[in-house]
Every structure is written in C-alpha cells, then in structure tokens.
Amino acid sequence: MSQSIQRAAEILELVSMRPRTQSEVAEHLGVHRSTALRMLQTLTEAGLTRRHADGHYGVGYRLAGLASMAAEQFDLRNISRPHLAALGRECLHTVHLAVLDGSSIVYADKIEQPGMVRLYSQVGQPVVLHTAGVAKAILAFQPDVVVDRMLTDHAFTRHTETTLTSRAAYDAELEQVRSRGWSVDDAEYEDYVNCVAMPIRDARGNVLAAVSVTALKARADLAALEKLLPRLHEVVGDVSRAIGWRP
C-alpha cells in the first residue's frame, strides 16, 4: 500500500472515532501540520471528511453514505462461513456461529461434518443462555445493563450435573471468561456434548457474536477441544477483522 493511501486510511479511522484537530492528525501520523492539512483538505473535497465550525475534522457525509451502502455487503453469516467451514474440515467437529439478537442469542450458522451425529442445535433457534458456550462468550463482554436485561427473569434450570443453576455462579463464570478470552459448555445442557467458544468483535470492538467448536464427549472432551483454541482464535480474529475490527 502506498504511503499516501495508508495515511488517508489512518485519518479516516482516526476521525471516525471522534472529530480531531489538524494537530491531532499530524501527531497521529507523525508528520508536519501542513502535510496533515493538505491530506485533510483533499479528503474533505472528496466528501470523505468534513470540517466542523470549531476547526475539528470529522466523518464526511459521502463517507457515511458509502458506509451505509457497503454495509449490505457485510452479512456476518456470509463473511464467516468460509472460515467456519475450513475450521470444521480441520477439526472434524460441529462449528456454530451465534449472534446477539435483541434480548436473545440465536444460532446464525452451523457447520456439520458428513457422517457425524447431528446435534440438537438449529439455525434460527435461541441458545440456552446459562449453558451454551457461545452465550457465555457473548455475554461476558456486554455492558452490565444488557446482561441484567437478559438474565433478570432467566430460569437457571438444571439439565445435567454440571449446569450452572444460579445467577451468582453464572456471573462468576462470565468473569472467568473475560479474564481468559474463551468459554466452555462443560456438558451443561446435554451430558454427552461439550464445546469451547470465542467472541467476534465489530469495528467498534463490541462483541456481537461468537463461534464455538462442539463435539460429543466420546469423540473429544474439553481437554481435547482446548487444544483447538489457538486455531479458533485465528478464526474469530479473521472474521472480526473482515467486519472492521482492529486490535
């Protein structure tokens, strides 16, 4: 990438967070203020940035319009499917994509392997919040108000011996997920199925979805699934970057 294009891209990312002064842009790029001004003027003439009355530069109306039109091309399921399918072929387990949808979390995609036992999960079906690994991977990184809204009236029904049956136990589990970056379903809904999961982040760094690798315990227990975490981390990172996330 040419230096000019790289700098233009950095300016657009910078002012999309909040309006910036010419000096702030220059400092961020490590260039003279006059160089920053020339680039800002060029971007403003193209409608990609605009100069506010107080001298700060923000996102231009043309850029906002382009982003709106481009958003139609960024369907998370379509973007993530090649990555999920590749992961499934490599590990030979079921791979799920789940998304935050209002006050629920639903399965958005499911990659199954030929000849394997079909799991109960279905695309479009809500996940069981207190057992599913994908739910923990998503809720661990939501604001408290969102978690409270989703769990206040939730029934922590016991399904197996390892099911978390109280809000206190679940909150402790979410804290552990936040600290290590991944979650598990330790046979908490069905005593013969377990999984590991990791979150997907959007352009603002918000967690909006999660990917899990799910297996029958007879084929792979949690210790075996945890060996797949480095590869799962690559997958969620690739999908997150494809929808605009930058570490």
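Above this text you will find the structure in question.
Criteria and thresholds
- Residues numbered from 1 in each chain as written.
- Predicted model: local features only at pLDDT ≥ 70, side-chain atom pairs only at ≥ 80, totals over all residues.
- Heavy atoms only, no water.
- Core = buried A, V, L, I, M, F, W, Y, C linked by side-chain atoms within 4.5 Å.
- Buried < 20%, exposed > 50% of the residue type's maximum accessible area, 1.4 Å probe, protein only.
- Helix = DSSP H or I, 4+ residues; strand = E, 2+ residues; numbered from the N terminus.
- Contact = heavy atoms within 4.5 Å.
- Salt bridge = Lys/Arg side-chain N within 4 Å of Asp/Glu carboxyl O.
- Pairing = 2+ DSSP bridges.
- Axes fitted to C-alpha atoms, helices over the stretch in contact; angles between N-to-C directions.
- Disulfide = S-S within 2.5 Å.
- Expected span 1.5 Å × (residues − 1).
- Arc of directions from axis to C-beta.
- Parallel < 35°, antiparallel > 145°, perpendicular 65-115°, else oblique.
- Nonpolar A, V, L, I, M, F, W, Y, C, P; charged D, E, K, R; others polar.
- Left-handed = near helix turned anticlockwise from the far one by under 90°.
- Polar contact = N/O pair within 3.5 Å; in protein donor to acceptor, adjacent residues only side chain to side chain.

## Considering the nonpolar core
In terms of nonpolar packing, the biggest core is built from 29 residues, with Leu97, Val196, Ile200, Val211 and Leu232 touching the most fellow members. When contributions to this core are tallied by element, the ones reaching two or more residues are helix 5 (76-91), strand 3 (94-101), strand 4 (104-111), strand 6 (193-201), strand 7 (207-216), helix 9 (222-226) and helix 10 (229-242). Among residues more than four places away in sequence, those in contact with leucine 97 are Leu76, Arg77, Ser80, Leu84, Val106, Tyr107, Ala108, Asp109, Ile200, Ala209, Ala210 and Val211. By size, the runner-up hydrophobic cluster in this structure holds 24 residues, among which are Val134, Ala135, Leu139 and Ala197.

## Some points on the pattern of salt bridges
Oppositely charged side chains may form a pair once their charged atoms are brought near each other. In total, this model carries twelve salt bridges according to the counting rule given. Of the charged contacts, one joins lysine 136 and glutamate 188 as a salt bridge, the two residues approaching to 2.7 Å between their closest N and O atoms. Pair noted here: lysine 136 is in helix 6 (residues 133-139) and glutamate 188 is in the loop between strand 5 (183-185) and strand 6, with a separation of 52 residues, a long-range link. As far as the burial class goes, lysine 136 and glutamate 188 line up, both buried. When the shortest N-O distance is used, the salt bridge between arginine 167 and aspartate 171 registers 2.8 Å. Of this pair, arginine 167 and aspartate 171 both sit in helix 8 (residues 167-180), four residues apart, which is roughly one turn of that helix.

## As for the sheet that holds strand 3
One open sheet accounts for five strands, arranged 4-3-7-6-5; its pairing is antiparallel. The sheet is open, and its two borders are formed by strand 4 and strand 5, each paired with just one other strand. Direction aside, neighbouring strands of the sheet carry axes that sit 25° apart on average. Bridging between strand 6 and strand 7 involves nine bridges; their strand directions are antiparallel. Counted as the bridge partner of arginine 201 is valine 207 from strand 7.

## Describing the state of the cysteines
Linking two cysteines covalently via their sulfur atoms produces the bond known as a disulfide. Inspection of every chain in the model, using the stated rule, returns zero disulfides. Considering cysteine sulfurs only, cysteine 195 is the nearest to cysteine 91, which forms no disulfide, with 12 Å between them. On the basis of relative accessible area, cysteine 91 is assigned to the buried category, the value being 12%. For cysteine 195, a relative accessible area of 5% translates into the label buried.

## Quick look at helix 1 (residues 3-17)
Because each turn of an α-helix spans 3.6 residues, side chains separated by three or four positions in sequence point in the same direction. For helix 1, built from 15 residues, the straight-helix expectation of 21 Å at 1.5 Å per residue is met to within 8% by its first-to-last C-alpha distance of 22 Å. Within helix 1 the residues assigned to the buried category are Ala8, Ile11, Leu14 and Val15. Take helix 1 and look down its axis: the buried residues cluster within an arc of 130°, on one side only. Every exposed residue of helix 1 that faces more than 90 degrees away from the buried side is listed here: Ile5 and Met17. Elements that come into contact with the buried residues of helix 1 comprise helix 2 (22-29), helix 3 (33-45), strand 1 (49-51) and strand 2 (57-59).

## Focus on the packing of helix 2 against helix 3
As a packed pair, helix 2 and helix 3 sit with axes 8 Å apart at the nearest point and diverge in direction by 110°. In terms of orientation, helix 2 lies roughly perpendicular with respect to helix 3. Contacts between helix 2 and helix 3 involve Gln22, Ser23, Val25, Ala26 and Leu29 from the former and Arg33, Ser34, Ala36, Leu37, Met39 and Leu40 from the latter. Along the lines of polarity and charge, the residues of the contact of helix 2 with helix 3 split into seven nonpolar, three polar and one charged.

## A closer look at the pairing of strand 4
By the criterion of burial, strand 4 is predominantly enclosed, with seven of the eight residues buried. Inspection of the sheet shows strand 3 paired to strand 4 by seven bridges, in the antiparallel sense. When the bridges of strand 4 are listed, leucine 97 appears paired with aspartate 109.

## What about the packing of helix 1 against helix 2?
Put simply, helix 1 and helix 2 touch, their axes get as near as 11 Å, and they point 130° apart. Classified by the interaxial angle, the pair formed by helix 1 and helix 2 is oblique. Classified by chirality, the crossing of helix 2 by helix 1 is right-handed. From helix 1, Arg7, Glu10, Ile11 and Leu14 reach across to helix 2, where they touch Glu24, Val25, His28 and Leu29. For the contact of helix 1 with helix 2, the class distribution of residues is four nonpolar, one polar and three charged.

## Notes on the side chain of serine 80
Position of serine 80 relative to the elements: it lies in helix 5. By relative accessible area, serine 80 is classed as buried at 0%. Within polar-contact distance, the side chain of serine 80 engages the backbone oxygen of leucine 76 at 2.8 Å. If we skip the residues at most four places from it in the chain, serine 80 touches Leu97 and Val239.

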